[in-house]
Amino acid sequence: MRYLIALMMTFAAPLSAQDVAGEFDYYVLSLSWSPNWCDLEGRERGSPQCAEDADFGWVLHGLWPQYERGWPANCPSSERNPSRAQTSEMADIMGTSGLAWHQWNKHGVCSGLSATDYYALSRLAYEKVNRPAVLRRLTQDITLPAPLIQDAFMEENPTLAANQITITCKAGAIQEARICMTRDLEFRTCGEDVIRDCELPNAAFAAID
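Every value quoted in this text rests on a predicted model; they were computed, and no experiment measured them.

(A) Representation of the pairing of strand E5 (residues 173-181) in the model. Most of E5 sits out of view: eight of its nine residues are buried. Relative to E5, strand E1 (residues 26-33) runs antiparallel, the two being bridged by six bridges. Within E5, the position partnered with tyrosine 27 by the bridge is methionine 181. Relative to E5, strand E4 (residues 165-170) runs antiparallel, the two being bridged by six bridges. Of the residues in E5, the one forming a bridge with lysine 170 is alanine 173. Between the antiparallel neighbours E4 and E5 lie two residues, among them alanine 171 with a positive phi of about 55 degrees.

If you want it as structure tokens, here you go:
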């Protein structure tokens, strides 16, 4: 019987440790190309980010605490949730206040920061990255080799290396640029599990309407 119990304990799935706020290694800054998101799902949802008078290009999807492998999420936190005013103030770079709320609840709570400081750091990280202006000047939808997006970011950010950024695709279209940063918001090498390099030779890239 003792042998059987020991054997069962050996092969039992280990309990996952609870993610702890403030305990992580670096950040991933995720930027989403708004016109593609709107074409794929945003307009169908009726998102204000996709309204006719909206002018969004690269929007801040989120600033995500990251382990060297894996990431924390939904950490217990004693910090207050952000107010509606605080989430609304983030809509100019995040597209909607709803996204700002969601990012706080999933990722911000793991930063160990207050909502005020997390949003301030997120804005600082967003502003630190030079987003390729040429992409905003497109007058029509195009297809292009996905690696060109990475090249464009690296050209605009001379200290950004190829192993510090990854471009993702979804449904044949450019989805996001994800840039790895230290806790002090310096560019750094991405962990292997972050790299999602899209190699499509003809990825869809929608122009800003």
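Moving on, there is more to tell.
(B) View of the state of the cysteines. Taken as a whole and assessed by the stated rule, the structure comprises four disulfides. At a sulfur-sulfur separation of 2.0 Å, the disulfide partner of cysteine 38 is cysteine 50. Taking the sign of the torsion about the S-S bond as the criterion, the disulfide between cysteine 38 and cysteine 50, at about -85 degrees, is left-handed. Linking cysteine 38 in helix H2 (residues 34-45) with cysteine 50 in the loop between H2 and strand E2 (58-66), this pair joins segments that are 12 residues apart in sequence. Here cysteine 38 matches cysteine 50 in class, with each residue buried. Paired by a disulfide, cysteine 75 and cysteine 110 hold their sulfur atoms 2.1 Å apart. Linking cysteine 75 and cysteine 110, the disulfide has an S-S dihedral of approximately 100 degrees and is accordingly described as right-handed. Residue cysteine 75 is located in the loop between E2 and helix H3 (84-89), and its partner cysteine 110 is located in the loop between helix H5 (97-106) and helix H6 (115-128); the two are separated by 35 residues in the primary sequence. Each member of the pair cysteine 75 and cysteine 110 is classed as buried.

(C) Layout of the environment of tyrosine 118. You can see tyrosine 118 is positioned in helix H6. Once the C-alpha coordinates of tyrosine 118 and leucine 63 are considered, the two residues, 55 residues apart in sequence, prove to be 8.6 Å apart. Sequence-distant contacts of tyrosine 118, that is, excluding residues within four places in its chain, are made with Leu63, Gln103, Trp104, His107, Gly108, Ser111 and Leu113. Only 2.6 Å separates the side chain of tyrosine 118 from the backbone oxygen of leucine 63, close enough to count as a polar contact.

(D) Molecular detail of the environment of isoleucine 165. As for its placement among the helices and strands, isoleucine 165 is situated in strand E4. Distance in space between the C-alpha atoms of isoleucine 165 and glutamine 150 is 7.1 Å, their sequence separation being 15 residues. Beyond its immediate chain neighbours, meaning those up to four positions away, isoleucine 165 contacts Gln150, Phe153, Met154, Leu160, Arg178, Ile179, Cys190 and Asp197.

(E) Main features of the side chain of arginine 188. Within the secondary structure, arginine 188 is located in the loop between E5 and strand E6 (203-205). Relative accessible area serves as the criterion here: at 19%, arginine 188 is assigned to the buried category. If near-sequence neighbours (up to four positions away) are discounted, arginine 188 is found in contact with Tyr26, Glu68, Asn163, Gln164, Cys180, Met181 and Thr182.

Thresholds applied
Residues numbered from 1 in each chain as written. Predicted model: local features only at pLDDT ≥ 70, side-chain atom pairs only at ≥ 80, totals over all residues. Heavy atoms only, no water. Buried < 20%, exposed > 50% of the residue type's maximum accessible area, 1.4 Å probe, protein only. Helix = DSSP H or I, 4+ residues; strand = E, 2+ residues; numbered from the N terminus. Pairing = 2+ DSSP bridges. Disulfide = S-S within 2.5 Å. Contact = heavy atoms within 4.5 Å. Polar contact = N/O pair within 3.5 Å; in protein donor to acceptor, adjacent residues only side chain to side chain.

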